[in-house]
Amino acid sequence: MTTRIKELDGAPSVLAGYGRAFASALPLVSSLPLPVSLPGGGSGELPDLELRVPSLKTDLTHLADYAKVCGFTLRDTLPATYLNVRAFPVHIALMTDGDFPFGPVGLVHLRNAIRHVRPVSVREELSLRVWVTGLDPHPKGRTLTLHTEAAAADGEVVWSAESTMLKLGGGSGERVERGADPDVPASVTWTVPGDQGRRYATVSGDRNPIHLYGLTAKPFGFPRAIAHGLWTKARAVAALEARLPDAFTVDVEFRKPVLLPTRVSFGSSTDAQGVTAFAVTDARKGSAHLVGSVTPAKKQRTSRRTTTANGGTTA
Amino acid sequence: MTTELRKVAVLGGNRIPFARSNSAYAAASNQDMLTAALDGLVSRFALEGERLGEVVAGAVLKHSRDFNLTRETVMSTRLDAATPAYDIQQACGTGLQAALLVANKIALGQIDCGVAGGVDTTSDAPLAVGDDLRKLLIKLNNARSTGDRLKVLAGVRPGMIVPAIPRNEEPRTGLSMGEHQARTGARWGVTRAEQDELTARSHHNLAAAYERGFQADLVTPFLGLERDQNLRPDSSVEKLAKLKPVFGGPQGTMTAGNSTPLSDGAAAVLLASEEWAQERGLPVLAHLVTGETAAVDYVGGDEGLLMAPAYAVPRMLDRLGLTLQDFDIYEIHEAFASQVLSTLKAWEDAVFCQERLGRSAPLGAIDRSRLNVNGSSLAAGHPFAATGGRIVAAAAKELYERGGGRALISICAAGGQGVVAILESNGSN
């Protein structure tokens, strides 16, 4: 089977794809006989499709807004998590492609791993490649992994990411126990305001209703709006930014959603190998919202970690 | 206990290109810019993870939340988080005064190395609420009951909502700095033509410095800028002559061209003891020999607001037994072309030198070809607190490249103050 390659010109519109995505996700709408084809009408297999954005430039105003929302210093290089939001509309375009077996709404983000090959200047022109792999069995459903690669003008891959998402339902395989809460002492408390989801929605384009208001989150089973997982990750990476080497991987596992507004704790500790473990935890209960690690590139094991079906559960 | 004074080495500097107000750095905060300047210095001198003696910097326009700006900045850089830091503020003298403070501690052996710097943004300026509203908000915060709070809120008047915008204005005279300088310039008979000539030369000299690669290890690009945004290599006396006066009324001689524009930027300079430099194999560009600060009474007295350097320099020269002509280069900060020219005229004036400085003879003229040889604030722009760091690093490097020499640095500041200093270099020997 050959990979179908589709080139997107410029930044694809998030709203076009996402609007349809939500229409198909809402129980009422999806049961209506609509004349348009909604995502989720595919064959059940993930499409062998690769989306490319040949030219991606950094808008400094957008970058500054992103840095502010996430707590990064505005620098001459991109924050390690920034390309996640630039890739987001491409992910949506991929998942709302007619061949995709289901829409993006309702997918649970399990894991996001970034390989930061080198600092990327705000002036660099990049190209993006996005594709998907899966579906892999999971006790609660099936998982898929969105792959993103950002390359510099000379073709060198300077940044890549893997996001593992869970499609609930039809689970199989053994129930895997979640890893223990990380042994990272919390050192900082963040007050996360009720509009955090809306603020991140503005800079990321991810206007999934579960992040916006309590009322819009309820139909999807959340008592209150929840923070974007990728915001929580970005905030954590921002807290570590002064200690990040030039080349590293930062891998996080999303555990409990962060219900807004709230107070969360953040802590990190670095071991003898230079690997920094960090966690965002419930400030009262101590249970983990997010656990992650930063591994300097030099000290990385030669065999790259493979995406496990149970979404990065590490023992 | 007596302490032998140590020589203080200037090892280099780093700054970000200066931007015009509300332009390339409109979204950047003081902390962002100072972090960029510091991190650039850290990577240039391989200081990652190093604990420095201290970092001293400041900003003239500062948000109240930035009370610990320099320390917060240090924690955003790759320096060891155990590096202490503090903020200072002496208007446009901030950067040079910071360098003198760090240098003095190095000379006394209290620290071995340190960074001095400064940053300013006129784009992300701190707006304050007016005094009436501020007092009311404090009352509101202290109110215990809803009833009390409502009572306080009932006192809000629409006029209170207008924010207090920081102005480039002397609190005691209500005059802008430009208006002050227009009076001083008129007193010294500074002409439009000589101001425009000085301005054009500043642009040409800075452009030439970029062209010959002089700035390559002094400036790190930031947010799309690689050179100072205000720099106009094709500036000319003819073009400058077309501008309308902005200070001193319709007959004024000061224009937007021969006055520095509001700008954003940050600069930092690395100072150390000779031993510290030697241990790391870092060449000593120059030594920071001494400094002097003066102030003048521009309110009750009749001295010009920006004339304090005219007093500081002779005091410093006398201490060292030097004359004004004993310098290879002169770095006189160009707040306004008129300020530089007024200062030079004062030193040449027998009456001023006798009556104001108590000297039997004038300090005399300087060789103008040695003045601001790599351009100064008229071309680069002048983010107030960042200017000192820019000048110290560039002057030290210039002396080093010349194979040695002596530089005079002079910076005028709001509040009738002036900070001056001397650098000496043996070149690469």
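Rules of the game
- Residues numbered from 1 in each chain as written.
- Chains lettered and ligands numbered in written order.
- Predicted model: local features only at pLDDT ≥ 70, side-chain atom pairs only at ≥ 80, totals over all residues.
- Heavy atoms only, no water.
- Helix = DSSP H or I, 4+ residues; strand = E, 2+ residues; numbered from the N terminus.
- Buried < 20%, exposed > 50% of the residue type's maximum accessible area, 1.4 Å probe, protein only.
- Contact = heavy atoms within 4.5 Å.
- Areas by Shrake-Rupley, 256 points an atom, 1.4 Å probe, with all protein chains shown as cover.
- Rg over C-alpha atoms; globule rule 2.2 N^0.38 Å.
- Lys, Arg positive; Asp, Glu negative; His and termini not counted.
- Charge placed at Lys NZ, Arg CZ, Asp CG, Glu CD.
- Domains from an automatic or database assignment.
- Buried area = accessible area lost by both parts, 1.4 Å probe.
- Salt bridge = Lys/Arg side-chain N within 4 Å of Asp/Glu carboxyl O.
- Polar contact = N/O pair within 3.5 Å; in protein donor to acceptor, adjacent residues only side chain to side chain.
- Core = buried A, V, L, I, M, F, W, Y, C linked by side-chain atoms within 4.5 Å.
- Pairing = 2+ DSSP bridges.
- Phe/Tyr/Trp six-rings, centres within 6.5 Å; stacked < 30°, edge-to-face > 60°.
- Lys NZ or Arg CZ within 6 Å of the ring centre and 35° of its normal.
- Axes fitted to C-alpha atoms, helices over the stretch in contact; angles between N-to-C directions.
- Parallel < 35°, antiparallel > 145°, perpendicular 65-115°, else oblique.
- Left-handed = near helix turned anticlockwise from the far one by under 90°.
- Nonpolar A, V, L, I, M, F, W, Y, C, P; charged D, E, K, R; others polar.

1. What to know about the overall build of chain A
Okay, so step 1: In terms of regular secondary structure, chain A is built from seven helices and 11 strands.
Okay, so step 2: Each of the 315 residues in chain A was classed as buried or not, and the buried ones make up 50%.
Okay, so step 3: When contacts within chain A are restricted to residue pairs at least 6 apart in sequence, long-range pairs at least 24 apart make up 73% of them.
Okay, so step 4: Surface accessibility of chain A: about 14,500 Å² in total, with carbon and sulfur atoms responsible for 53%.

2. Re the overall build of chain B
Okay, so step 1: Counting its regular elements, chain B contains 14 helices and 14 strands.
Okay, so step 2: Computed over C-alpha atoms, the radius of gyration of chain B comes to 22 Å, within 12% of the 22 Å expected from 2.2 N^0.38 for 429 residues, which places it in the range of a compact globule.
Okay, so step 3: Taken along the three principal axes of its C-alpha coordinates, chain B extends 75 × 55 × 50 Å.
Okay, so step 4: For chain B, with 429 residues in total, the buried portion stands at 57%.
Okay, so step 5: A sequence separation of at least 24 residues applies to 79% of the contacts in chain B between residues at least 6 apart.
Okay, so step 6: Counting only carbon and sulfur atoms, one obtains 50% of the accessible surface of chain B, whose full area is about 17,400 Å².
Okay, so step 7: Taking the average location of the 42 positive side-chain charges in chain B and that of its 48 negative ones, the two points are 6 Å from each other.

3. Examining the domain arrangement of chain A
Residue and element names in this part refer to chain A.
Okay, so step 1: Each assigned domain of chain A is listed here: domain 1 (1–171) and domain 2 (180–303).
Okay, so step 2: Opposite the 31 residues of domain 1 that make contact, domain 2 presents 28 residues.
Okay, so step 3: Interface of domain 1 and domain 2: buried area, both sides summed, is about 2,600 Å²; carbon and sulfur atoms make up 60% of it.
Okay, so step 4: Remark: the boundary between domain 1 and domain 2 carries two salt bridges.
Okay, so step 5: Close ionic contact of Arg75 with Glu241 constitutes a salt bridge, the shortest N to O distance being 3.3 Å.
Okay, so step 6: Our enumeration of links across domain 1 and domain 2 arrives at 11 residue pairs in polar contact (both at pLDDT 80 or more).
Okay, so step 7: Only α1 (14–25), α3 (60–70), α4 (82–95) and β3 (108–116) provide two or more residues apiece to the side of domain 1 that touches domain 2.

4. A word on the side chain of A:Arg111
Okay, so step 1: Considering the arrangement of structural elements, one finds A:Arg111 in strand β3.
Okay, so step 2: Polar side-chain contacts of A:Arg111 include one of 3.0 Å to the side chain of A:Asp251.

5. Let's talk about the pattern of salt bridges
Okay, so step 1: Overall, the coordinates contain 40 salt bridges over all chains when judged by the stated rule.
Okay, so step 2: Across the pair B:Asp39 and A:Arg75 runs a salt bridge, and its minimum N-O distance is 2.7 Å. Here B:Asp39, found in helix α1 (residues 30–44), pairs with A:Arg75, found in the loop between α3 and α4, and the two come from separate chains.
Okay, so step 3: Residue classification places A:Arg75 among the buried positions, given a relative accessible area of 16%.

6. Quick notes on the nonpolar core
Okay, so step 1: One finds A:Tyr66, A:Leu144, A:Tyr200, A:Phe278 and B:Tyr25 to be the most contacted residues of the largest nonpolar core, which totals 84 residues.
Okay, so step 2: Per-element accounting of this core gives the leading share, nine residues, to α4(A).
Okay, so step 3: In terms of domain composition, this core takes at least three residues from each of domain 1 (1–171) and domain 2 (180–303) of chain A.
Okay, so step 4: Listed in part, the 52 residues of the second largest apolar core include B:Ala91, B:Ala380, B:Ala393 and B:Ile411.

7. A word on the interface of chain B and chain A
Okay, so step 1: Chain B puts 15 residues into the contact, and the matching count from chain A is 12 residues.
Okay, so step 2: For chain B, the biggest contributors to the area lost against chain A are B:Asp32, B:Arg78 and B:Leu223; these three give 44% of the whole.
Okay, so step 3: Counting across the interface, chain B meets chain A through three salt bridges.
Okay, so step 4: Summed over the shared surface of chain B and chain A, the result is six residue pairs in polar contact (both at pLDDT 80 or more).
Okay, so step 5: Every element with two or more residues in the side of chain B that touches chain A is listed here: α1 and α2 (69–76) of chain B.
Okay, so step 6: Per element, the largest residue contribution to the side of chain B that touches chain A is three residues, and it comes from α1(B).

8. Focus: the pairing of strand β14 (residues 417–425) of chain B
On a regular strand, one side chain projects to one face of the sheet and the next to the other, so that they alternate.
All names here are of chain B.
Okay, so step 1: Buried residues dominate β14, accounting for seven of its nine residues.
Okay, so step 2: The pairing of strand β11 (residues 286–295) with β14 spans eight bridges and is antiparallel. For Ala295, the partnering residue across the bridge sits in β14 and is Gln417.
Okay, so step 3: Sheet analysis places strand β13 (residues 405–413) next to β14, joined by nine bridges and oriented antiparallel. Across the sheet, residue Ala407 finds its bridge partner in β14, namely Leu423.
Okay, so step 4: Two successive antiparallel strands, β13 and β14, enclose a turn made up of three residues, where Gly415 displays a positive phi of approximately 80°.

9. Points about the pairing of strand β5 (residues 113–120) of chain B
Residues and elements named next belong to chain B.
Okay, so step 1: The buried fraction of β5 amounts to eight of the eight residues, a majority that puts the element mostly inside the structure.
Okay, so step 2: Burial along β5 is two-sided: Cys113, Val115, Gly117 and Val119 and Gly114, Ala116, Gly118 and Asp120, pointing in opposite directions, are all buried.
Okay, so step 3: As defined by bridge partners, strand β3 (residues 54–57) adjoins β5 across three bridges and the pair is classed as parallel. Along β5, the bridge assignment pairs Val55 with Val115.
Okay, so step 4: Examined bridge by bridge, β5 and strand β10 (residues 263–273) share eight bridges and lie antiparallel to one another. Opposite Val119, over in β10, you have Ala266 as the bridge partner.

10. Let's talk about the packing of aromatic side chains
Okay, so step 1: Within the structure shown, the criterion is met by 11 aromatic pairs over all chains.
Okay, so step 2: Between the aromatic rings of A:Phe100 and A:Phe102, the centroid separation amounts to 5.9 Å while the plane-to-plane angle is 90°, which identifies the pairing as edge-to-face. No difference in accessibility class separates A:Phe100 from A:Phe102, as the two residues are buried.
Okay, so step 3: Taken together, the ring pairs in this structure connect A:Tyr66, A:Phe72, A:Tyr82 and A:Tyr200 into an aromatic cluster.
Okay, so step 4: Its guanidinium or amino end placed over the ring of B:Phe18, B:Arg15 lies 4.4 Å from that ring's centre, counting from NZ or CZ.
Okay, so step 5: Taking the ring centre of B:Phe327 as reference, the NZ or CZ of B:Arg406 above it sits at 6.0 Å.

11. Description of the packing of helix α10 (residues 308–320) of chain B against helix α11 (residues 337–348) of chain B
Residue and element names in this part refer to chain B.
Okay, so step 1: α11 packs onto α10 with a crossing angle of 45° between their chain directions and a minimal axis gap of 9 Å. It follows that α10 is oblique to α11 by the angle criterion. Taken as a pair, α10 and α11 cross one another with a handedness that is right-handed. The residues of α11 that touch α10, namely those facing Pro309, Ala310, Val313 and Pro314, are Gln339, Thr343 and Trp347.
Okay, so step 2: Per-class residue counts for the contact of α10 with α11 are five nonpolar, two polar and no charged.

12. Structural notes on the environment of B:Ile391
Residue and element names in this part refer to chain B.
Okay, so step 1: Within the secondary structure, Ile391 is located in helix α14 (residues 387–401).
Okay, so step 2: In this structure the C-alpha to C-alpha distance between Ile391 and Gly404, which are 13 residues apart in sequence, comes to 17 Å.
Okay, so step 3: Discounting chain neighbours no more than four positions away, the residues touching Ile391 are Glu331, His333, Ile409 and Ile411.

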